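The primary structure of each chain is shown beneath.
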Amino acid sequence: MSNDELLLIAGMAIVTFLIRYSFFALGDKVHFPPLVKRALRYVPVAVLTAITVPMVLLPDGQHWHLDWRNAWLLGAVVSGLIAWRYQHLLSAIGGGMAVFFIARWLLA
Amino acid sequence: MLNLSIPSYPDYRTELWHGARDSLPMLVGSAPFALIFGTLAASSGLSAMATLAMSLFVYAGSSQFIAISLLAGGAGLAVIVVTTFVVNLRHALYSATFLPYVAGLAQRWRIPLAFWLTDETFAVVQHRYGAADASPHKHWYYLGSCLAMYSNWLIWTLVGGLLGHAVPGLDQMGLEFAMAATFTGIVVPVLKNRPMVAAALAAAVVALAARELPYKLGLMLAALAGVLVGLWLESREEGAK
């Protein structure tokens, strides 16, 4: 490994760790005000939706694919329906993946 | 010996195992990324050791991809480090979200759990922390997810680096869909009231509108929009009561 590579990896590793550790470092010394606590409850839904929706509606990252021949969309809708109806995560994942792979195979 | 254990909670080993087990779709979904990272890194000019070291010490998929594409384009060290910072900024939100749960843990727990905090582990573990039971071993669940995701990432980086381009088409198989299915399955049951639904919709719209922005800035904007819309509706509904 060259010196440049060493510096690059060290730099990336340090900034990434400091971001991830930022709040953990504070431990019980910090108490979030109630407004911040309320705000944080929306983080998982907001972030996970923001990651998933573009993945599903633009599977190649560039073109909208808003029709029933989009296996990503079909699979995600089925996962969502199962999760909504049965509140069972593994069934939602399994059902969605089954539909996704069948749809890809049929539409190929 | 007196047995004072509380039978209603799973013990720490069960939590550890469940954390790894529940990360399975994420393992399947991220394996192709690690494999492709391993294969692409060689063509960007990164040595085999440095490729593995990046997965070992940085352990942040999207920034690793961006780093090798910037390297291939001849970008300097400072540019890559600053870009890594911006791309990984969303992890601060995860760190803040988990703080109430890890605040009581010793630093020897908090340091590794912070190092291993990825999108995938955040998704799986926040689901567990949100569960109604008051198990005192939920950090073992977190650790189980971390260990599974980390070893998976290292193994597939190594395989990718070794095989080079010998496994064509793995990126075409659509294994990444496992992640989309998991995130969908986690989000949908939480959409129980109007502020949550509105937060999700706002995040989706902003993520789509801002998807062309570089360095995942669109993701940060979308998260911010979702949180603000959720809070705003929540306070309006409080006021209406």
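Because the structure is predicted, anything quoted here is derived from the model rather than measured. (Residues numbered from 1 in each chain as written. Chains lettered and ligands numbered in written order. Predicted model: local features only at pLDDT ≥ 70, side-chain atom pairs only at ≥ 80, totals over all residues. Heavy atoms only, no water.)

*Asks:* Please explain the domain arrangement of chain B as it appears in this structure.
*Replies:* One frequent convention defines the size of an interface as the accessible area lost when the parts assemble. Residue and element names in this part refer to chain B. Each domain of chain B was delimited in the assignment, giving domain 1 (12-175) and domain 2 (191-235). The interface is formed by seven residues belonging to domain 1 together with six residues belonging to domain 2. Summing both sides of the interface, domain 1 and domain 2 together bury roughly 620 Å²; the carbon and sulfur share of this comes to 84%. The largest share of the area that domain 1 buries against domain 2 comes from Val86, Arg90 and Leu93, three residues that together contribute 50% of it. Summed over the shared surface of domain 1 and domain 2, the result is zero salt bridges. (Domains from an automatic or database assignment. Contact = heavy atoms within 4.5 Å. Buried area = accessible area lost by both parts, 1.4 Å probe. Salt bridge = Lys/Arg side-chain N within 4 Å of Asp/Glu carboxyl O.)

*Asks:* Is there a simple way to explain the packing of helix H8 (residues 119-129) of chain B against helix H9 (residues 138-163) of chain B in this structure?
*Replies:* Relative placement of two packed helices is described by the angle separating their axes and the distance separating the axes. All names here are of chain B. One can describe the packing of H8 onto H9 by two numbers: an axis separation of 10 Å at closest approach and a directional angle of 160°. By the angle between their directions, the pair H8 and H9 is classed as roughly antiparallel. The handedness of the crossing between H8 and H9 comes out as right-handed. The segment H8 lies against H9, with Glu120, Thr121, Val124, Val125, Arg128 and Tyr129 engaging Lys138, His139, Tyr141, Tyr142, Ser145, Cys146 and Met149. When the residues that make up the contact of H8 with H9 are grouped by side-chain class, the tally is seven nonpolar, three polar and three charged. (Axes fitted to C-alpha atoms, helices over the stretch in contact; angles between N-to-C directions. Helix = DSSP H or I, 4+ residues; strand = E, 2+ residues; numbered from the N terminus. Parallel < 35°, antiparallel > 145°, perpendicular 65-115°, else oblique. Left-handed = near helix turned anticlockwise from the far one by under 90°. Nonpolar A, V, L, I, M, F, W, Y, C, P; charged D, E, K, R; others polar.)

*Asks:* What is the right way to read the nonpolar core from this model?
*Replies:* Burial of nonpolar side chains together is a common tendency in soluble globular proteins. Ranked by size, the top nonpolar core spans 77 residues in total, and within it Phe24(A), Phe98(B), Leu113(B) and Tyr142(B) carry the most contacts. Residue contributions to this core peak at eleven residues, all from helix H3 (residues 43-57) of chain A. When sequence neighbours within four positions are dropped, the list of residues in contact with Tyr142(B) reads Phe24(A), Phe98(B), Val102(B), Leu113(B), Ala114(B), Leu117(B), Thr121(B), Val125(B) and Tyr129(B). (Core = buried A, V, L, I, M, F, W, Y, C linked by side-chain atoms within 4.5 Å. Buried < 20%, exposed > 50% of the residue type's maximum accessible area, 1.4 Å probe, protein only.)

*Asks:* Can you help me understand the packing of aromatic side chains in this one?
*Replies:* Two numbers describe a pair of aromatic rings. These are the distance of the centres and the angle of the planes. Residues and elements named next belong to chain B. If you walk through the whole model with that rule in mind, you get 22 aromatic pairs over all chains. The interplanar angle of 70° and the centroid separation of 6.0 Å between the aromatic rings of Phe37 and Phe65 together place this pair among those described as edge-to-face. Of the two residues, Phe37 is situated in helix H2 (residues 24-43) and Phe65 in helix H4 (residues 61-72); the sequence distance between them amounts to 28 residues. Relative accessible area serves as the criterion here: at 0%, Phe37 is assigned to the buried category. Here the aromatic rings of Phe98 and Phe122 are separated by 5.1 Å at their centres, their planes lie at 40°, and the arrangement is tilted. (Phe/Tyr/Trp six-rings, centres within 6.5 Å; stacked < 30°, edge-to-face > 60°.)

*Asks:* When you look at helix H3 (residues 48-57) of chain B in this model, what are you seeing that I'm missing?
*Replies:* Along H3(B), the positions that sit buried rather than exposed are Ala50(B), Thr51(B), Ala53(B), Met54(B) and Ser55(B). Looking at the buried side of H3(B), the elements it contacts are helix H1 (3-26) of chain A together with H2, H4 and H9 of chain B. A positive backbone phi angle near 50° is found at Tyr59(B), which sits one or two residues after H3(B).

*Asks:* Help me understand the interface of chain B and chain A, please; the structure alone is not making it clear to me.
*Replies:* On the chain A side, the residues contacting the 86 residues of chain B number 64 residues. Here chain B meets chain A over a buried area of about 6400 Å², counting both sides, of which 78% is carbon and sulfur. By the criterion of area lost to chain A, the three top residues of chain B are Leu99(B), Phe177(B) and Leu208(B), representing 10% of everything that side buries. The tally of links from chain B across to chain A stands at two salt bridges. A salt bridge links Glu234(B) to Arg38(A), with the nearest nitrogen and oxygen atoms 2.9 Å apart. On the surface where chain B and chain A come into contact, there are 14 residue pairs in polar contact (both at pLDDT 80 or more). (Polar contact = N/O pair within 3.5 Å; in protein donor to acceptor, adjacent residues only side chain to side chain.)

*Asks:* Please explain H3(A) as it appears in this structure.
*Replies:* An α-helical turn contains 3.6 residues, so any two residues separated by three or four positions project in the same direction. With 15 residues, H3(A) ought to run about 21 Å at 1.5 Å a step, and its terminal C-alpha atoms sit 21 Å apart, in line with that. Along H3(A), 15 of the 15 residues are buried, which leaves the element largely enclosed by surrounding structure. (Expected span 1.5 Å × (residues − 1).)

*Asks:* Honestly, unusual backbone geometry in this entry has me stumped. Any pointers?
*Replies:* Note: most peptide bonds trans; most residues except glycine with negative phi. A positive phi angle, near 55°, is found at Gln87(A), a position not held by glycine. Tracing the chain through its elements places Gln87(A) in the loop between helix H4 (71-86) and helix H5 (89-107). Despite not being glycine, Tyr59(B) shows a phi value in the positive range, around 50°. Position of Tyr59(B) relative to the elements: it lies in the loop between H3 and H4.

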